[in-house]
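What follows is the residue order along each chain.
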Amino acid sequence: MKFLAVLMLSLLPVWSQAVEVGERLAPWTLLDQFDQAYTLDDQAQILLVARSMDAAKWVDTALQGQPKGYLESRRGVFVADIQRMPRLIAKLFAVPAMQSYNYRVMLDRDARVAPRYPGPVDKVLWLQLDNGKLVAQREYSSGAELRQALEQVKP
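The structure displayed is predicted, hence computed values, not measured ones.

Enquirer: I'd love a proper account of the nonpolar core, names of residues and values included.
Expert: If you look at the biggest cluster of nonpolar residues, it comprises 26 residues, and the most contacted ones within it are Leu 48, Phe 78, Trp 126, Leu 146 and Leu 150. Put simply, the parts of the chain that give this core at least two residues each are β3 (46-50), α2 (53-63), α3 (70-73), β4 (76-81), α4 (87-98), β6 (124-130) and α5 (143-151). Formed by 19 residues, the second largest nonpolar core is a distinct cluster that contains Val 19, Tyr 38, Leu 47 and Met 106.

Enquirer: Mind laying out the environment of Gln 152, listing which residues take part and the relevant values?
Expert: Following the sequence through the fold, Gln 152 ends up in the segment after α5. For Gln 152, a relative accessible area of 60% gives the class exposed. Through-space distance from the C-alpha of Gln 152 to that of Arg 74 is 9.8 Å; in sequence the pair is 78 residues apart.

Enquirer: Give me the lowdown on a nonpolar patch on the surface, citing residues and values where you can.
Expert: Taken together, the side chains of Leu 88, Ile 89, Leu 92 and Phe 93 make up a nonpolar region of the molecular surface, amounting to roughly 420 Å² of accessible area. For Leu 88, the position within the fold is in helix α4.

Thresholds, definitions, all that
Residues numbered from 1 in each chain as written. Predicted model: local features only at pLDDT ≥ 70, side-chain atom pairs only at ≥ 80, totals over all residues. Heavy atoms only, no water. Core = buried A, V, L, I, M, F, W, Y, C linked by side-chain atoms within 4.5 Å. Buried < 20%, exposed > 50% of the residue type's maximum accessible area, 1.4 Å probe, protein only. Helix = DSSP H or I, 4+ residues; strand = E, 2+ residues; numbered from the N terminus. Patch = residues over 30% accessible without salt bridge, like charges linked within 9 Å, V, L, I, M, F, W, Y side chains within 5 Å. Areas by Shrake-Rupley, 256 points an atom, 1.4 Å probe, with all protein chains shown as cover. Salt bridge = Lys/Arg side-chain N within 4 Å of Asp/Glu carboxyl O.

Any link to function would need more than the numbers given here.
Below, the structure written as structure tokens:
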């Protein structure tokens, strides 16, 4: 019984942070792959969250061949949860590789942002925003699906 109580109490912060449709997203600030700060504001209309390397690869696949600023022109923001990645690997290999991308990647190194938006680890979470409020939520399990969805958004 004690175990169940401890488990429930440990999950309470996750549940309390989860945002629901109609709620305003709390602002946050993360650094991108160039150590440039970005703060979520009311201008963002799409928030893409990847919790795994596979999900991040689907975002990369969806954005391959697109011009620089493609995601930003659709008022999109991409957050990659890299807290499980060893810091040395991130510093020496992963982040430098991301610097060749033609889009910004907000790096959630300490799991401060991604846990606010629960979803499957193996999918890209798409949060549709309107003036800072969550209006819809979708999940994508392939780069092709995500690319098609992004093409439907007018810049």
